[in-house]
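Okay, here's what each chain looks like letter by letter:
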2 protein chains.
Amino acid sequence: MDRPISRKSFFKNAAKYGAGAVAGVAGVNILTSKKSSAETSTYPWPYSKLDTEEVRIVAHDAYYKMGCCYAGFVGLIIPLQKKIGEPYTSFPIEMMSYGGGGIKGWGTICGTLNGASAAVSLTTGRKESGKIIHELMNWYSQSMLPSDESYAYHKDGKYEVRKEFGELSKSISNSPLCHPSVTRWCNESGFTIESPQQLERCARISGDVAVKTAELLNSHIDNTFQSTFTMSESTGECLSCHGKEQEVGNALSRMECAPCHGDPHK
Amino acid sequence: MDRPISRKSFFKNAAKYGAGAVAGVAGVNILTSKKSSAETSTYPWPYSKLDTEEVRIVAHDAYYKMGCCYAGFVGLIIPLQKKIGEPYTSFPIEMMSYGGGGIKGWGTICGTLNGASAAVSLTTGRKESGKIIHELMNWYSQSMLPSDESYAYHKDGKYEVRKEFGELSKSISNSPLCHPSVTRWCNESGFTIESPQQLERCARISGDVAVKTAELLNSHIDNTFQSTFTMSESTGECLSCHGKEQEVGNALSRMECAPCHGDPHK
């Protein structure tokens, strides 16, 4: 079935109602006797340019504490707690542990992307966060990961935990989802899902995703942000018949089509 | 390729490191001069049994303000702000708007599930939240939604916005992902993705998911929680060859296999 589809009207409609919710929260706050710093802070929260090597260390380390989603989030937020203090120090960062393994092992959205996207939203707001999250998701889906830098860092950097694994296999996920991303890497590397190598692979990607996000946020605050990633060639072919009006992606999805749907012309 | 796979060791390993992260945050807090209520609250935050009709109203309304992920989260959290106050009133709830349309229209995890799972994590903690999130995800994947109650509510309840749509078509998503969930409903109903009917369908499901989550959280605090959903029959067949050691789901995924992989025996 071929239908013309647009996400634009959805976002346009949704945006219209944005102001109301903020007013609603303020109304609730009147009922409480005490005001914290977080309460009086306006979303989005302030951002200050981050050192990407610090971000990598925090994210990699955090993976072994509470998993990939926590790591993608605190890779940005713990450095901001140190640089800015409140309201970041009030955020219950452990909440984000729920997203590990594509949300408690369900294999849906890669936890590093879920956590990092939440951090992008918190620091740039609802309107600005979209272009940054699109860039991050496209980069993740189309890149060989974990990166060379994630290994070099463990070889020469100060944080040397698990350097014993040395260089690990790389793979392109073609998807922002946990299940295809991890499965492709396991097929490429020959390591199983529960292996220490697979955990280290995801720890390194936690660092890679947090660093990429910090680079995007740094360029955003410098007004030098530029989108560079677009849909894959094969998805472009699908959209030539099945999709309209999207810059990236397909019907209610910016994901690539083939990883789930295959190529119907073959 | 057939490999024995276990998520247990992942969660076991990840749990070992949990205490360290909390200590790390406490260390950061020392650097700040002011302590808010949220800062001194221990994760998870306190939960108080919620009125499910209030939850439905808040979630449905919130969908039209900032989308499905925001709705799934604040359907629980705004009522808790009213009942408990701090630390809930300090939470930057608008952050959760990033998850709309499976994270900014990417079609990955259904935003209502992403937001509700974050709320489950916040209110029950890392260890307890798993069984509740599994139940929620299975229920969503296997239920005809939106529910009769979501319509009856709009027919007879106090909150009458958009009751003009009357009864809407229902569908089973067979997946916790946004893209297959919405696509199946559009195919079933004949409405397109940008239609007011599709938006209302997702608003009603925001209410359904928030209510289901509140019911699960209420039963959890009453110590009457029981798991009832399991994997589908077809996924059970897949796992008889390809999966081991999982109670629900497959390799690094608890999702059903067939919606993406099809049936290789046909």
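Nothing here was measured: the structure is a model prediction, and the numbers come from that model.

Trainee: Would you take a moment to explain the overall build of chain A for this structure?
Mentor: Secondary structure assignment for chain A yields ten helices and zero strands. Along its sequence from the N terminus, chain A presents helices and strands in the succession α-α-α-α-α-α-α-α-α-α. Counting across all 266 residues of chain A, residues that qualify as buried make up 61%. Partitioning the intrachain contacts of chain A with sequence separation of at least 6 by distance along the chain shows that 71% fall at a separation of at least 24. As displayed, chain A offers around 10500 Å² of accessible surface, 53% of which is attributable to carbon and sulfur atoms.

Trainee: Before we go on, may I ask you to explain unusual backbone geometry in this structure?
Mentor: Most peptide bonds adopt trans geometry, and most residues besides glycine take a negative phi value. Cis geometry is adopted by the peptide bond preceding A:Pro44, which originates at A:Tyr43 and carries an omega value of -5°. Relative to the elements of secondary structure, A:Pro44 occurs in the loop between helix 3 (37–40) and helix 4 (52–84). Cis geometry marks the peptide bond from B:Leu145 to B:Pro146, where omega comes out at 0°. One can find B:Pro146 in the loop between helix 5 (111–142) and helix 6 (148–156). Its identity as a non-glycine residue notwithstanding, A:Asn223 has a phi of 60°, on the positive side. One can find A:Asn223 in the loop between helix 8 (196–221) and helix 9 (233–242). With a phi angle near 55°, B:Asn174 is a residue other than glycine that sits in the positive phi range. Mapped onto the elements, B:Asn174 comes out in the loop between helix 6 and helix 7 (178–189).

Trainee: Looking at this model, I keep getting lost on the pattern of salt bridges. Mind explaining?
Mentor: Where charged atoms from two side chains of opposite charge approach closely, those side chains can pair. A full pass over the atoms with the stated rule returns 15 salt bridges over all chains. Linking A:Lys49 and A:Asp222 is a salt bridge whose minimum nitrogen-to-oxygen distance equals 2.6 Å. Of this pair, A:Lys49 sits in the loop between helix 3 and helix 4 while A:Asp222 sits in the loop between helix 8 and helix 9, placing them 173 residues apart in sequence. A:Lys49 gets classed as partly exposed once you look at its relative accessible area, which sits at 39%. Note that B:Lys65 is salt-bridged to B:Asp61, the shortest N-O span being 3.1 Å. Of the two residues, B:Lys65 and B:Asp61 are both situated in helix 4 (residues 52–84); the distance of four residues between them amounts to about one turn of the helix. Look at B:Asp61 and you get partly exposed, because its relative accessible area is 26%. When salt bridges with common partners are traced through the structure, they connect A:Glu53, A:Arg56 and A:Asp208 into a single cluster.

Trainee: Whenever I open this one, the packing of aromatic side chains confuses me. Can you help?
Mentor: Inspection of every chain in the model, using the stated rule, returns eleven aromatic pairs over all chains. Between A:Phe91 and B:Phe91, the ring centres sit 5.0 Å apart and the planes meet at 50°, which makes this aromatic pair tilted. Separated into two different chains, A:Phe91 in the loop between helix 4 and helix 5 (111–142) and B:Phe91 in the loop between helix 4 and helix 5 make up a pair that spans both. Note on B:Phe91: relative accessible area 3%, which makes it buried. Pairing B:Trp185 with B:Phe191 gives two aromatic rings, centres 6.1 Å apart and planes at 15°, and the pair type is stacked. What makes B:Trp185 buried here is its relative accessible area of 0%. Members of the aromatic cluster, each reached through a chain of ring pairs, are A:Trp45, A:Phe73, A:Tyr88, A:Phe91, B:Trp45, B:Phe73, B:Tyr88 and B:Phe91.

Trainee: Just to check I follow, could you spell out helix 7 (residues 178–189) of chain A for this structure?
Mentor: Every α-helical turn comprises 3.6 residues, leaving residues that sit three or four positions apart pointing alike. Taking 1.5 Å per residue, twelve residues should reach 16 Å; helix 7 of chain A reaches 16 Å between its end C-alpha atoms and fits that length. Burial in helix 7 of chain A covers these residues: A:Cys178, A:His179, A:Pro180, A:Ser181, A:Val182, A:Trp185, A:Cys186 and A:Ser189. Contact partners of the buried residues in helix 7 of chain A: helix 5 and helix 8 of chain A together with helix 10 (258–261) of chain B. Phi turns positive one or two residues past the end of helix 7 of chain A, at A:Gly190, with a value near 85°.

Trainee: Looking at this structure, I do not really get the side chain of B:Ser97. What am I missing?
Mentor: By secondary structure assignment, the location of B:Ser97 is in the loop between helix 4 and helix 5. Excluding its chain neighbours within four sequence positions, the residues that come into contact with B:Ser97 are A:Tyr43, A:Ser121, A:Arg126, B:Met66 and B:Tyr70.

Trainee: Which parts of the structure should I look at to understand the state of the cysteines?
Mentor: Disulfide: a covalent bond formed between the sulfur atoms of two cysteine residues. All names here are of chain A. All chains considered together, the criterion is met by zero disulfides over all chains. Unpaired in terms of disulfides, cysteine 68 finds its nearest cysteine sulfur in cysteine 110, a separation of 5.7 Å. A relative accessible area of 9% means that cysteine 68 is categorised as buried. The closest cysteine sulfur to the non-disulfide-bonded cysteine 202 is located on cysteine 68, 6.6 Å from its own sulfur.

Trainee: Please explain the packing of helix 4 of chain B against helix 5 of chain B as it appears in this structure.
Mentor: Two numbers describe a pair of packed helices, the interaxial angle and the distance between the axes. Residues and elements named next belong to chain B. Between helix 4 and helix 5, the least distance of the axes is 5 Å, while the angle of their chain directions is 35°. Crossing of helix 4 over helix 5 shows right-handed handedness. Together, Cys68, Cys69, Gly72, Phe73, Leu76, Ile77 and Leu80 of helix 4 and Gly111, Thr112, Asn114, Gly115, Ala116, Ala118, Ala119, Leu122 and Thr123 of helix 5 make up the contact between the two elements. A per-class count over the contact of helix 4 with helix 5 returns ten nonpolar, six polar and no charged.

Trainee: Which parts of the structure should I look at to understand the environment of A:Thr192?
Mentor: Residues and elements named next belong to chain A. The topology assignment puts threonine 192 in the loop between helix 7 and helix 8. With a relative accessible area of 25%, threonine 192 lands in the partly exposed category. For the pair threonine 192 and valine 182, spaced ten residues apart in the sequence, the C-alpha separation amounts to 9.7 Å.

Trainee: Help me understand the environment of B:Leu216, please; the structure alone is not making it clear to me.
Mentor: Residues and elements named next belong to chain B. Relative to the elements of secondary structure, leucine 216 occurs in helix 8 (residues 196–221). Separated by 81 residues in sequence, leucine 216 and glutamate 135 have C-alpha atoms that sit 8.4 Å apart. Leaving out residues up to four positions away in the same chain, leucine 216 has contacts with Ile132, Glu135, Leu136 and Phe225.

Trainee: Looking at this model, I keep getting lost on the packing of helix 4 of chain B against helix 8 of chain B. Mind explaining?
Mentor: Residues and elements named next belong to chain B. Following both chains from N to C, one finds helix 4 and helix 8 inclined at 130°, their axes separated by 7 Å at the closest point. As the angle between them shows, helix 4 and helix 8 are arranged oblique. Crossing of helix 4 against helix 8: the hand is right-handed. The residue inventory of the contact of helix 4 with helix 8, partitioned by class, reads 14 nonpolar, seven polar and five charged.

Trainee: Can you help me understand the environment of A:Ala118 in this one?
Mentor: Examined against the element boundaries, A:Ala118 turns out to sit in helix 5. By relative accessible area, A:Ala118 is classed as buried at 0%. Between the C-alpha atoms of A:Ala118 and A:Gly72, which are 46 residues apart in sequence, the distance is 8.9 Å. With near-sequence residues (within four places) excluded, A:Ala118 lies in contact with A:Phe73, A:Met96, B:Met95 and B:Tyr98.

Calculation rules
Position numbers for residues count from 1 along each chain, tracking the sequence in the order it is written. Ligands are numbered from 1 and chains lettered from A, in the order in which they are written. Reporting of local features is limited, given that this is a predicted model, to residues whose pLDDT is at least 70; pairs of side-chain atoms are given and counted only at 80 or more, and all residues count toward the totals for whole chains, interfaces and linings. Each side-chain value is worked out from all heavy atoms of the structure, with water and hydrogens disregarded. Labels follow the DSSP assignment, with helices taken as runs of H or I lasting at least four residues and strands as runs of E lasting at least two, numbered in each case from the N terminus. Only protein chains enter the calculation, and the probe is 1.4 Å; a residue is then buried if its accessible area is under 20% of its type maximum, exposed if over 50%, and partly exposed in between. Contacts are assigned to residue pairs that have any heavy atoms within 4.5 Å of one another. For every accessible area listed, the method is Shrake-Rupley and the probe measures 1.4 Å; residues are considered covered only by the protein chains on display. The working definition used for a salt bridge is a side-chain nitrogen of Lys or Arg within 4 Å of a carboxyl oxygen of Asp or Glu. Centre distance within 6.5 Å is the pairing criterion for rings of Phe, Tyr and Trp, where only the six-membered ring of Trp is used; planes under 30 degrees apart are then read as stacked, over 60 as edge-to-face, and the remainder as tilted. Residue count minus one, scaled by 1.5 Å, sets the expected span of a helix. Throughout, a disulfide means two cysteine sulfur atoms within 2.5 Å of one another. Note on method: axes are straight lines fitted to C-alpha atoms, helices fitted across the in-contact stretch only, with angles between N-to-C directions ranging 0 to 180 degrees. Left-handed describes a crossing whose near helix is turned anticlockwise from the far helix through less than a right angle; right-handed describes the clockwise counterpart. Three categories are distinguished: nonpolar for Ala, Val, Leu, Ile, Met, Phe, Trp, Tyr, Cys and Pro, charged for Asp, Glu, Lys and Arg, and polar for the others, with Gly belonging to the last. Roughly parallel means an angle under 35 degrees; roughly antiparallel, over 145; roughly perpendicular, 65 to 115; everything else is oblique.

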